[in-house]
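Chain residues, written in single-letter form:
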Amino acid sequence: MTLLGDRQQLSYIASQAADARVNLELETEGMTLNIGPQHPATHGTLRIIARLDGEQVVWVDPSCGYMHRGYEKLTEVRTYPQVTALVNRIDWLGSFANEVPFILAAEKLMGIEAPLRAQHIRTILFELSRIANVSLFLGDLGVQLGAITPVFMAFRDREYVLNLIEGATGGRFHPNFDRIGGLKDDLPAGWIDETRTVMKKLRRFCDEIEDLLFGNEIFQSRTRGIGVIPRDIALQYGMSGANLRASGVDWDLRRDQSLPMAWDKVDWKVWTHPDGDSFARCWVRLQEVRESTRIVEQLVDTIPAGPVMTKVPRIIKVPEGEAWVCTENPLGEMGYYVVSQGDLGPFRVKIRSASFNNMSITPWLLKGVYVPDIVTILASLYFILGDIDR
Amino acid sequence: MGLVDRGRLPKPLTQLFNMGRSYSLWVYQWGLACCAIEMGAAFGSPRYDVMRLGVIPLPASPRQADLVVISGTVTDKMAPVIKRLYEQMPEPKYVISMGSCANCGGPYWDSYSVTKGIDQIIPVDVYVPGCPPRPEALLEGVVMLQQRIKNEDMGARWRGEGSQPMALAQSAKQAVKKQVVDGESAERGGVPVVVDH
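The written sequence of each chain sets the order in which its residues are numbered from 1. Chains carry letters and ligands carry numbers; both start at the beginning, A for chains and 1 for ligands, and go up in the order they are written. For a predicted model such as this one, the threshold for reporting local features is a pLDDT of at least 70, and the threshold for listing and counting side-chain atom pairs is 80 or more; totals across whole chains, interfaces and linings nevertheless cover every residue. Side-chain numbers here rest on the full set of heavy atoms in the structure, without hydrogens or water.

Novice: Explain the nonpolar core to me, using residue names and the numbers behind them.
Specialist: Formed by 173 residues in total, the largest nonpolar core has its most connected members in Leu128(A), Phe214(A), Trp30(B) and Ile70(B). Whether two residues touch is decided by their heavy atoms; if any such pair falls within 4.5 Å, the residues are in contact. Among all residues touching Phe214(A), those that are not within four sequence positions of it are Leu138(A), Leu141(A), Ile209(A), Phe219(A), Gln220(A), Phe279(A), Cys282(A), Trp283(A) and Leu286(A). Think of a nonpolar core as a cluster: buried Ala, Val, Leu, Ile, Met, Phe, Trp, Tyr and Cys residues, connected wherever their side-chain atoms sit within 4.5 Å. Buried residues are those whose accessible area, probed at 1.4 Å on protein chains only, stays under 20% of the maximum for their type, while exposed residues exceed 50% and partly exposed ones sit between those limits.

Below, the structure is given as structure tokens:
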């Protein structure tokens, strides 16, 4: 016991208590099931310690921190442009979307705004990173349920989106393309035509996934009515993104907030689902990919002409102040609270990432479910460990 | 294999064994961070398709694996787990360190919680640089490892000698680490290295 930390010690005592209680009631012996820290179902390195009573889960202790890289401390010793390269890697599937709120917060403090063309291109790349993120989720979902074909399809069609991001930014995974006051570069020639073709491919991919996976009887019976999160519980746990919309809350920061981005200039819809179960969460994400393709298609038609960078000093010093900017990232609400003291780098950055709050519901949600459902519920909650631990 | 541990394996037989070993590598995927997605793209996607190189990315446990790909940021909390699972792999075993984080800490070089280089814990055979490396780069690393296995003297490996790290792009830092890895692999073999010139 001396080797265990305080938290683990407490969990151990709690597990003993749970054991005793279960033994009294049912006269069965409890068992501890350890999932992770390296398990495909955990999307990274989450460790889940589950106490089982037969086939049912008595309680669950998610143990995170295996991917903690100390972002908030590192941002204090980096300059503003260097922080952009760092925050790419928080949610590694939707990298560009991580840069945007930080850059917007810095611009807010400096009192500048990116040119209209840069705002449009930012929104396009934001939505492309959402597609790259969520399309992998749709493929991975099949793997968690034992179907291996969807992941091949997802990797196939995701490559087209990554090629687009690489074509525009030069980075396949981590673009580091956003600058304070605009973008690093303009779009290359022929990029817009290519984007239109790829968006058609992506919509076909969505149709395929809907036929193959969502219409599948096994998928439906494994996800419908499983892991139900009621509306008020979802709000209490501070959930956001598709997980919240699947519980029937009509809440999307892209629509509800006025940011210097281009979402308000196009016609799109926020999808919600009343059920709040695993199926609803997956379905809302599928619809979001479709909406994102629509947003991108409309935006590439209406990109205004002009520069992509405003005038900013060569050495960026952000004036003293505090700013909070959050956006609707692929995983949910992501925000940065930037405190500046007029230096080259931020004094303090608080990162609010969506996955941490979304994952914090697991002890409540997994209580009483059956063992095979742990994996499907975790998959449908869809967190990325870099986003949880930072 | 009495012949192997006495170092008396005939050369044609060594070559035959080595060819067989190099084209049936069972990979244990250790996906940690961003690189895990690129590793997934290399191992699981139809565009890159690692199986055409004779690599099978599907073992259920490290006890059935020949090769482990450490892809991503290794934190101090994760490091003991990696060491433990590496020790469960049967000899001969190989390690590919994928990405800057696993090589040397990468963008988290001054972080308080990141292990700066997986080669502080386990010996590495091939370093694949990049943040994250493209899937093609990982495939090149696999091919380099296969070439290395083909030229390997199994007797020497059995005695704990002859583990030389390779790097796709040899930097000064990695060249320094080369010596460290040699020392570690010799320790692991449990046999004192006798250098005879």
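Novice: For the interface of chain A and chain B, give the residues involved together with the corresponding values.
Specialist: Contact with chain A, which involves 33 residues of that partner, is made by 33 residues of chain B. When residues of chain A are sorted by the area they lose upon contact with chain B, Gln38(A), Tyr66(A) and Phe155(A) head the list and together hold 21% of the total. When a carboxyl oxygen of Asp or Glu lies within 4 Å of a side-chain nitrogen of Lys or Arg, that pair is called a salt bridge. Remark: the boundary between chain A and chain B carries four salt bridges. Note that Glu159(A) is salt-bridged to Arg47(B), the shortest N-O span being 3.7 Å. Once two parts are joined, some of their accessible surface, as seen by a 1.4 Å probe, is lost; buried area is that loss totalled over both.

Novice: Can you tell me about helix 15 (residues 371-381) of chain A, naming the residues and giving the values?
Specialist: All names here are of chain A. The secondary structure listing takes helices from DSSP runs of H or I that are at least 4 residues long and strands from runs of E that are at least 2 residues long, numbered from the N terminus. Burial analysis of helix 15 places eight of its eleven residues in the buried class, the great majority of the element. Among all positions of helix 15, only Asp373, Ile374, Thr376, Ile377, Leu378, Ala379, Ser380 and Leu381 are buried. Tyr382 lies just past helix 15 and shows a positive phi near 55 degrees.

Novice: Please give an account of unusual backbone geometry that cites residues and values.
Specialist: Cis geometry marks the peptide bond from Cys131(B) to Pro132(B); its omega dihedral reads -15 degrees. Structurally, the position occupied by Pro132(B) is in the loop between strand 5 (126-128) and helix 6 (135-150). Phi at Asn176(A) takes a positive value of approximately 50 degrees, unusual for a residue other than glycine. Structurally, Asn176(A) is set in the loop between helix 6 (149-169) and strand 4 (178-179). At Tyr382(A), a residue that is not glycine, the phi angle is positive and equals roughly 55 degrees. Looking at the secondary structure, you find Tyr382(A) in the loop between helix 15 and helix 16 (385-389).

Novice: Tell me about the sheet that holds strand 7 (residues 332-340) of chain A, and please be specific about residues and values.
Specialist: Residue and element names in this part refer to chain A. Only strands that DSSP links by at least two bridges are regarded as paired with each other. As summarised here, the arrangement of the three strands in space is 6-7-8, forming an open sheet in which the pairing is antiparallel. Strands at the two margins of the open sheet, each flanked by one partner only, are strand 6 (321-329) and strand 8 (348-352). Across the sheet, the axes of successive neighbouring strands diverge by a mean angle of 10 degrees, strand direction being ignored. Bridge analysis of strand 6 against strand 7 gives nine bridges, and the strand direction is antiparallel. Directly across from Gly321, in strand 7, lies its bridge partner Ser340. Note on definitions: angles span 0 to 180 degrees between N-to-C directions of axes, and those axes are lines fitted to C-alpha atoms, for helices only across the stretch in contact. The strands touched by helix 4 (residues 95-110) within the sheet are strand 6, strand 7 and strand 8, with strand 6 carrying the most contacts at an inclination of about 150 degrees.

Novice: Before we move on, could you go through the environment of Val371(A) and cite the residues and values that matter?
Specialist: All names here are of chain A. If you trace the backbone, Val371 turns up in helix 15. For the pair formed by Val371 and Pro188, sequence separation is 183 residues and the distance between their alpha carbons is 50 Å. Once residues within four sequence positions are removed from consideration, Val371 is found in contact with Leu33, Leu52 and Glu55.

Novice: Quick one: what's the story with the packing of aromatic side chains, residue by residue and with numbers?
Specialist: Each aromatic pair joins two rings of Phe, Tyr and Trp (for Trp, the six-membered one) with centres within 6.5 Å, and gets the label stacked for planes under 30 degrees apart, edge-to-face for over 60, and tilted for any other angle. The tally for this structure, following the rule as stated, stands at ten aromatic pairs over all chains. On the numbers, 5.0 Å between centres and 85 degrees between planes, the contact of Phe126(A) with Trp263(A) is edge-to-face. With Phe126(A) in helix 5 (residues 116-144) and Trp263(A) in the loop between helix 11 (253-256) and helix 12 (278-301), the pair connects residues that are 137 residues apart, well separated along the chain. The two residues Phe126(A) and Trp263(A) agree in class, both being buried. The rings of Tyr80(A), Phe102(A) and Tyr336(A) are connected pair by pair, giving a single aromatic cluster. Consider the ring centre and the ring normal. A charge sits over the ring if Lys NZ or Arg CZ is within 6 Å of that centre and within 35 degrees of that normal. Lys93(B) extends its terminal NZ or CZ atom over the ring of Tyr86(B), reaching a point 4.3 Å from the ring centre.

Novice: Please set out the sheet that holds strand 3 (residues 56-63) of chain A residue by residue, giving values where relevant.
Specialist: All names here are of chain A. One open sheet holds the three strands; their spatial order is 1-2-3, and the pairing between them is antiparallel. Two strands in the sheet have a free side with no partner beyond their single neighbour: strand 1 (31-35) and strand 3. Geometrically, the sheet is characterised by an average inter-axis angle of 20 degrees between neighbouring strands, direction not taken into account. As judged from the five bridges shared by strand 1 and strand 2 (residues 47-53), these two strands associate in the antiparallel manner. Directly across from Leu33, in strand 2, lies its bridge partner Ala50.

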